[in-house]
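# Structural overview for review
Each chain, letter by letter, is given below.
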Amino acid sequence: MKNELQQASSSIVPANPTTVNQYGEKNVHIDHADNIHQTVNYNLTFIDRSPNGRRENVTQKINTDYYNLFVISGETFMHDHFLVPKDRALVKGTISDDLFERLATLTPEAIEEIKTFPALFASENTDYWGKTDPEQQTIYGLVREIRTQDNGIMIYYKDLNFIPQQKINEISFELGMGRPRAITSLNTTRWTIKKINLIEALTDAGISVLAPT
(Lines give C-alpha, C1' and ligand atoms only; values in the text may rest on other atoms or scores of the structure.)
Protein backbone atom coordinates (compact mmCIF):
# COMPACT_ATOMS: atom_id res chain seq x y z
CA MET A 1 0.00 0.00 0.00
CA LYS A 2 1.32 3.44 -0.90
CA ASN A 3 1.92 5.85 1.98
CA GLU A 4 -0.21 8.50 0.28
CA LEU A 5 -3.72 9.86 0.66
CA GLN A 6 -6.13 8.00 -1.56
CA GLN A 7 -9.31 9.47 -3.01
CA ALA A 8 -12.38 7.70 -1.64
CA SER A 9 -14.43 5.74 -4.10
CA SER A 10 -17.67 7.40 -5.07
CA SER A 11 -19.42 4.13 -4.23
CA ILE A 12 -19.00 4.76 -0.48
CA VAL A 13 -20.30 8.33 -0.61
CA PRO A 14 -24.10 8.50 -0.05
CA ALA A 15 -25.96 9.50 -3.19
CA ASN A 16 -28.68 11.23 -1.20
CA PRO A 17 -28.11 13.92 1.47
CA THR A 18 -28.30 12.87 5.10
CA THR A 19 -31.59 13.65 6.82
CA VAL A 20 -31.53 14.72 10.47
CA ASN A 21 -34.71 14.71 12.53
CA GLN A 22 -34.77 16.85 15.67
CA TYR A 23 -37.48 16.79 18.27
CA GLY A 24 -38.12 19.09 21.19
CA GLU A 25 -37.43 22.78 21.67
CA LYS A 26 -34.25 24.88 21.37
CA ASN A 27 -32.23 22.27 19.47
CA VAL A 28 -29.23 23.31 17.38
CA HIS A 29 -27.95 21.35 14.37
CA ILE A 30 -24.78 22.41 12.56
CA ASP A 31 -23.82 20.59 9.33
CA HIS A 32 -20.33 22.07 9.26
CA ALA A 33 -18.52 24.85 11.05
CA ASP A 34 -14.85 25.68 11.47
CA ASN A 35 -15.51 27.48 14.76
CA ILE A 36 -18.50 27.37 17.08
CA HIS A 37 -19.21 29.81 19.89
CA GLN A 38 -22.35 29.45 21.92
CA THR A 39 -23.17 31.24 25.15
CA VAL A 40 -24.55 28.86 27.76
CA ASN A 41 -26.81 30.34 30.41
CA TYR A 42 -27.57 28.60 33.70
CA ASN A 43 -30.14 29.17 36.39
CA LEU A 44 -28.99 29.57 39.99
CA THR A 45 -31.50 29.36 42.83
CA PHE A 46 -30.72 30.86 46.23
CA ILE A 47 -32.54 32.24 49.28
CA ASP A 48 -32.95 36.00 49.55
CA ARG A 49 -35.22 38.47 51.29
CA SER A 50 -38.12 40.05 49.45
CA PRO A 51 -38.91 43.80 49.83
CA ASN A 52 -41.36 42.91 52.62
CA GLY A 53 -38.60 41.13 54.55
CA ARG A 54 -39.69 37.56 53.87
CA ARG A 55 -37.13 34.94 52.90
CA GLU A 56 -37.88 33.39 49.53
CA ASN A 57 -36.29 31.31 46.78
CA VAL A 58 -34.91 33.43 43.96
CA THR A 59 -33.81 32.09 40.58
CA GLN A 60 -31.34 34.12 38.55
CA LYS A 61 -29.95 33.41 35.11
CA ILE A 62 -26.13 33.14 35.04
CA ASN A 63 -23.90 33.76 32.01
CA THR A 64 -20.44 32.39 32.82
CA ASP A 65 -18.71 33.97 29.80
CA TYR A 66 -18.07 37.15 31.81
CA TYR A 67 -17.79 38.37 35.37
CA ASN A 68 -18.14 41.70 37.18
CA LEU A 69 -15.19 42.92 39.24
CA PHE A 70 -15.88 45.59 41.87
CA VAL A 71 -12.94 46.98 43.86
CA ILE A 72 -13.95 49.82 46.21
CA SER A 73 -11.46 51.51 48.54
CA GLY A 74 -12.56 51.45 52.18
CA GLU A 75 -15.82 49.57 51.48
CA THR A 76 -16.73 47.12 54.25
CA PHE A 77 -19.73 45.56 52.47
CA MET A 78 -21.77 45.66 55.65
CA HIS A 79 -24.97 46.36 53.73
CA ASP A 80 -26.59 44.89 50.64
CA HIS A 81 -25.52 47.90 48.53
CA PHE A 82 -22.54 50.17 47.90
CA LEU A 83 -21.65 53.16 45.74
CA VAL A 84 -19.27 53.17 42.76
CA PRO A 85 -17.84 56.55 41.66
CA LYS A 86 -19.03 57.33 38.13
CA ASP A 87 -15.50 58.06 36.93
CA ARG A 88 -14.42 54.55 38.03
CA ALA A 89 -17.33 52.61 36.51
CA LEU A 90 -16.86 50.72 33.23
CA VAL A 91 -14.24 53.21 32.06
CA LYS A 92 -13.00 52.92 28.49
CA GLY A 93 -9.57 51.32 28.50
CA THR A 94 -10.31 49.18 31.55
CA ILE A 95 -12.96 47.16 29.67
CA SER A 96 -12.89 45.74 26.14
CA ASP A 97 -14.24 48.02 23.42
CA ASP A 98 -17.16 45.76 22.51
CA LEU A 99 -18.32 45.51 26.13
CA PHE A 100 -17.88 49.26 26.61
CA GLU A 101 -20.09 50.02 23.61
CA ARG A 102 -22.73 47.48 24.67
CA LEU A 103 -22.87 47.87 28.44
CA ALA A 104 -21.31 51.12 29.70
CA THR A 105 -24.44 53.09 28.74
CA LEU A 106 -26.31 51.24 31.52
CA THR A 107 -29.52 51.10 29.54
CA PRO A 108 -32.23 48.84 31.01
CA GLU A 109 -31.17 46.15 28.52
CA ALA A 110 -27.50 46.52 29.48
CA ILE A 111 -28.33 46.31 33.20
CA GLU A 112 -30.31 43.12 32.69
CA GLU A 113 -27.35 41.56 30.88
CA ILE A 114 -24.84 42.71 33.53
CA LYS A 115 -26.98 41.13 36.24
CA THR A 116 -26.47 37.70 34.63
CA PHE A 117 -22.68 37.84 35.18
CA PRO A 118 -21.29 36.44 38.45
CA ALA A 119 -19.27 38.95 40.43
CA LEU A 120 -16.38 39.55 42.82
CA PHE A 121 -16.75 42.37 45.37
CA ALA A 122 -13.57 43.53 47.11
CA SER A 123 -11.97 46.41 48.94
CA GLU A 124 -8.53 47.47 47.71
CA ASN A 125 -5.56 45.38 48.81
CA THR A 126 -3.93 46.69 51.98
CA ASP A 127 -0.50 46.19 50.39
CA TYR A 128 1.11 46.00 46.94
CA TRP A 129 2.88 43.30 44.90
CA GLY A 130 0.07 40.77 45.25
CA LYS A 131 -0.24 40.95 49.02
CA THR A 132 -3.01 41.96 51.39
CA ASP A 133 -4.14 41.50 54.98
CA PRO A 134 -4.65 37.74 55.58
CA GLU A 135 -8.02 38.53 57.20
CA GLN A 136 -9.33 40.42 54.17
CA GLN A 137 -12.17 38.72 52.32
CA THR A 138 -13.48 38.98 48.76
CA ILE A 139 -17.18 38.35 48.25
CA TYR A 140 -18.38 36.11 45.43
CA GLY A 141 -21.96 36.84 44.50
CA LEU A 142 -24.45 38.41 42.13
CA VAL A 143 -25.54 41.89 41.13
CA ARG A 144 -29.21 42.27 42.02
CA GLU A 145 -29.89 45.85 40.87
CA ILE A 146 -28.08 48.91 39.45
CA ARG A 147 -29.26 52.50 39.96
CA THR A 148 -27.57 55.61 38.59
CA GLN A 149 -27.64 58.52 41.08
CA ASP A 150 -26.23 62.05 41.15
CA ASN A 151 -23.43 60.96 43.48
CA GLY A 152 -22.49 57.69 41.77
CA ILE A 153 -23.83 54.29 40.74
CA MET A 154 -25.53 52.30 43.46
CA ILE A 155 -24.99 48.54 43.24
CA TYR A 156 -27.30 46.17 45.10
CA TYR A 157 -25.83 42.71 45.47
CA LYS A 158 -26.29 39.24 46.95
CA ASP A 159 -23.33 37.61 48.67
CA LEU A 160 -23.00 33.85 48.13
CA ASN A 161 -19.49 33.00 49.37
CA PHE A 162 -16.48 34.61 51.04
CA ILE A 163 -12.97 33.98 49.67
CA PRO A 164 -9.69 35.02 51.35
CA GLN A 165 -8.52 37.91 49.18
CA GLN A 166 -4.96 36.62 49.25
CA LYS A 167 -6.17 33.57 47.31
CA ILE A 168 -7.60 35.90 44.67
CA ASN A 169 -4.23 37.68 44.52
CA GLU A 170 -2.53 34.35 43.87
CA ILE A 171 -4.65 33.68 40.76
CA SER A 172 -4.83 37.29 39.57
CA PHE A 173 -3.45 36.40 36.13
CA GLU A 174 -6.05 33.65 35.61
CA LEU A 175 -8.75 36.19 36.53
CA GLY A 176 -7.46 38.85 34.13
CA MET A 177 -6.33 41.20 36.91
CA GLY A 178 -2.62 41.29 36.10
CA ARG A 179 0.43 39.33 37.19
CA PRO A 180 0.86 38.23 40.82
CA ARG A 181 3.52 40.13 42.77
CA ALA A 182 2.64 43.29 40.83
CA ILE A 183 0.15 46.13 41.02
CA THR A 184 -3.12 44.53 39.95
CA SER A 185 -6.78 45.42 39.56
CA LEU A 186 -7.14 44.81 43.31
CA ASN A 187 -5.03 47.90 44.03
CA THR A 188 -7.35 50.40 42.33
CA THR A 189 -10.99 51.37 42.90
CA ARG A 190 -12.93 50.39 39.79
CA TRP A 191 -15.83 48.48 38.32
CA THR A 192 -14.95 46.51 35.24
CA ILE A 193 -16.17 43.42 33.41
CA LYS A 194 -13.83 40.62 32.40
CA LYS A 195 -14.43 38.13 29.59
CA ILE A 196 -13.35 35.18 31.72
CA ASN A 197 -15.23 32.22 33.17
CA LEU A 198 -14.92 33.14 36.85
CA ILE A 199 -16.47 29.94 38.17
CA GLU A 200 -14.13 27.76 36.11
CA ALA A 201 -11.06 29.76 37.19
CA LEU A 202 -12.01 29.53 40.87
CA THR A 203 -12.75 25.81 40.59
CA ASP A 204 -9.39 25.17 38.88
CA ALA A 205 -7.72 26.92 41.83
CA GLY A 206 -9.54 24.68 44.32
CA ILE A 207 -11.91 27.44 45.45
CA SER A 208 -15.45 26.14 45.86
CA VAL A 209 -18.36 28.56 45.45
CA LEU A 210 -22.11 28.34 45.07
CA ALA A 211 -22.46 27.96 41.33
CA PRO A 212 -24.70 26.46 38.64
CA THR A 213 -24.33 22.73 38.08
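This text gives an overview of the structure that appears in the document. Keep in mind it's a predicted model, so treat the numbers as computed, not measured.

## A short note on the overall build of the protein chain
- In terms of helices and strands, the protein chain carries four helices and eight strands.
- Overall, the protein chain shows an N-to-C arrangement of helices and strands of β-β-β-β-α-α-β-β-β-α-β-α.
- For the protein chain, the proportion of its 213 residues judged to be buried stands at 39%.
- Counted over contacts in the protein chain with a minimum sequence separation of 6, partners at least 24 positions apart contribute 63%.
- Looking at the protein chain as shown, the accessible area adds up to about 13700 Å², and 47% of this sits on carbon and sulfur atoms.

## Quick word on the pattern of salt bridges
- Inspection of the entire model under this criterion finds three salt bridges.
- For Glu112, the salt bridge is made with Lys115, and the minimal N-O distance between the two is 3.1 Å.
- Under the relative-accessibility criterion, Glu112 is labelled partly exposed at 46%.
- Residue Lys115 is classed as buried on the basis of its relative accessible area, which comes to 12%.
- Residues participating in the shared-partner salt-bridge network are Glu112, Lys115 and Glu145.

## A look at a nonpolar patch on the surface
- A surface patch of nonpolar side chains, amounting to about 370 Å² of accessible area, comprises Tyr128, Trp129 and Ile183.
- Turning to its location among the elements, Tyr128 is positioned in the loop between strand E5 (118-122) and strand E6 (137-149).
- By relative accessible area, Tyr128 is classed as partly exposed at 45%.

## Regarding the sheet that holds strand E3 (residues 67-71)
- With mixed pairing, the six strands of this open sheet are ordered in space as E4-E7-E6-E5-E3-E8. The strands lining the two open edges of the sheet, one partner per strand, are strand E4 (81-84) and strand E8 (190-194). On average, each strand axis in the sheet is tilted by 35 degrees relative to the strand beside it, whichever way the strands run.
- The sheet contact formed by E6 and strand E7 (residues 152-164) spans 12 bridges and is antiparallel. Across the sheet, Tyr140 pairs through a bridge with Asn161, a residue of E7.

## Quick notes on the environment of Lys167
- Mapped onto the secondary structure, Lys167 falls in helix H3 (residues 165-170).
- Here Lys167 falls in the partly exposed class, since its relative accessible area comes to 40%.
- Residues Lys167 and Ile207 lie 40 residues apart in sequence; the distance between their C-alpha atoms is 8.6 Å.

Analysis parameters
- Residues numbered from 1 in each chain as written.
- Predicted model: local features only at pLDDT ≥ 70, side-chain atom pairs only at ≥ 80, totals over all residues.
- Heavy atoms only, no water.
- Helix = DSSP H or I, 4+ residues; strand = E, 2+ residues; numbered from the N terminus.
- Buried < 20%, exposed > 50% of the residue type's maximum accessible area, 1.4 Å probe, protein only.
- Contact = heavy atoms within 4.5 Å.
- Areas by Shrake-Rupley, 256 points an atom, 1.4 Å probe, with all protein chains shown as cover.
- Salt bridge = Lys/Arg side-chain N within 4 Å of Asp/Glu carboxyl O.
- Patch = residues over 30% accessible without salt bridge, like charges linked within 9 Å, V, L, I, M, F, W, Y side chains within 5 Å.
- Pairing = 2+ DSSP bridges.
- Axes fitted to C-alpha atoms, helices over the stretch in contact; angles between N-to-C directions.

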